[in-house]
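Overview (structure and organization)
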Amino acid sequence: MKLIAPSILSADFARLGDEVMAVEAAGADWIHVDVMDGRYVPNITIGPLVVKAVRSVTSLPVDAHLMIMEPERYVAEFVQAGADLVAVHAEASVHLNRTIQLIKGLGARAGVALNPSTPLSVLDWVLDDLDLVVIMSVNPGFGGQQFIPNSLDKVRALKQRITERGLATQIQVDGGVNEKTIRDVSAAGTDVFVAGSAVFGSSNYKTTIATLRKLANEA
């Protein structure tokens, strides 16, 4: 099943609750929340309070992507705020296995995100424990960037590893996903598509989400 996860990074924060409810009504599957600390990535966005606010207005799964240093220090706060899934960056957590077990121990689904230049080999000893792997198809920190084409090769290789191990781990692609790229991204083996500006920058959320889903399922 192909899932569309609009990223609120591109939403109108002056009316965030309305925006979240609008994309839910338009057919979104997950709500993706990009958390940035100004250290791990060159931008500062939001924290647990915003996740709590999002949780209060939607019944959809809330997917918190922590682009922050030492994410293990804040995992509990995001789960308590209502995150159903927490993804941390392999590059930002020294004890990655411990962080994954912390997330799962708190009752949330666990994900690991990889930057464009990070090899899949960092997942060798944790893949069996993951619910989700996030392949960054742009360098994290800002919305609206151009898709990095060789991300497709990475997704294909990851999909092969997951299949060979007989796992149910989902693959999410984050960055530059839009109507021009989603078919190829889907064909490579992606399950969950983060779409920020592609959705929130459109004039009709329902039409855009339906189009993205149709293109993803055609691949």
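Residues numbered from 1 in each chain as written. Predicted model: local features only at pLDDT ≥ 70, side-chain atom pairs only at ≥ 80, totals over all residues. Heavy atoms only, no water.

Notes on the packing of aromatic side chains
In plain terms, the rule: Classification of ring pairs rests on two measures: the distance between centres of Phe, Tyr or Trp rings, Trp counted by its six-membered ring, which must be within 6.5 Å, and the angle between planes, read as stacked under 30 degrees, edge-to-face over 60 and tilted in between. Each residue is placed in one exposure class: buried if its accessible area under a 1.4 Å probe, protein chains only, is under 20% of its type's maximum, exposed if it is over 50%, and partly exposed if it falls in between.
Throughout the structure, instances matching the rule amount to 1 aromatic pair. Between F200 and Y205, the aromatic rings sit 5.5 Å apart at their centres with planes inclined by 80°, giving edge-to-face as the arrangement. Relative accessible area serves as the criterion here: at 8%, F200 is assigned to the buried category. A residue is classified by how much of its surface remains accessible, and Y205, at 16% relative accessible area, is buried.

Considering the UniProt feature "binding site: a divalent metal cation" (unreviewed entry) in the chain
The line we're drawing: UniProt positions are given in the numbering used here, feature names are shortened, and annotations may be inferred rather than shown by experiment. By the convention used here, residues are in contact when the closest approach between their heavy atoms is within 4.5 Å. Here a polar contact means two N or O atoms within 3.5 Å. Within protein one must be a hydrogen donor candidate and the other an acceptor candidate, and residues neighboring in sequence count only if both atoms are side-chain atoms. A run of DSSP states H or I qualifies as a helix once it reaches four residues; a run of E qualifies as a strand once it reaches two. Both are numbered from the N-terminal end.
Taking the UniProt record as the reference, the feature "binding site: a divalent metal cation" (unreviewed entry) is found at H32, D34, H65 and D174. A maximum C-alpha distance of 10.1 Å places the annotated residues, which cover 143 residues in sequence, within one compact spot. Sequence-distant contacts of D34, defined by excluding residues within four places in its chain, comprise S7, L9, T45, I46, H65, M67 and D174. Among the polar contacts listed, one links the side chain of D34 to the side chain of S7, at a separation of 2.6 Å. Counting through the fold element by element, H65 comes out in strand β3 (residues 62-67). Residue H65 is classed as buried on the basis of its relative accessible area of 0%. Beyond its immediate stretch of four places on either side in the chain, H65 contacts H32, V33, D34, V35, A87, H89, A113, M136 and D174.

Things to note about the UniProt feature "active site" (unreviewed entry) in the chain
The sites that UniProt annotates as "active site" (unreviewed entry) are D34 and D174. With the annotated positions falling across 141 residues, the maximum pairwise C-alpha distance of 10.1 Å places them together in a single cluster. Tracing the sequence through the fold places D34 in strand β2 (residues 31-36). Tracing the chain through its elements places D174 in strand β7 (residues 170-174). What makes D174 buried here is its relative accessible area of 8%. Beyond its immediate chain neighbours, meaning those up to four positions away, D174 contacts H32, D34, H65, V134, I135, M136, S137, V138 and V194.

Looking at the pairing of strand β8 (residues 192-195)
To keep it simple, the criterion reads: In this analysis, strands are considered paired if DSSP registers two or more bridges between them.
Residue alternation in β8 divides its side chains into two sets, V192 and V194 and F193 and A195, and both sets are buried. Taken together, the 4 bridges between strand β1 (residues 3-6) and β8 define a ladder with parallel strand orientation. Looking at β8, one finds that A5 is bridged to V194. Inspection of the sheet shows β7 paired to β8 by 3 bridges, in the parallel sense.

What about the nonpolar core?
In globular proteins that are soluble, nonpolar side chains generally tend to be buried together. How we decide: Here, the term nonpolar core denotes a set of buried Ala, Val, Leu, Ile, Met, Phe, Trp, Tyr and Cys residues that are joined through side-chain atoms within 4.5 Å.
Counting residues in each nonpolar core, the largest one holds 62 residues, and the members touching the most others are I8, L66, L123, I135 and L158. With residues near it in sequence (within four places) discarded, L123 still touches V112, L114, L130, V133 and L158. Counting 11 residues, the second-largest nonpolar core is a separate cluster that includes A5, L132, M136 and V192.

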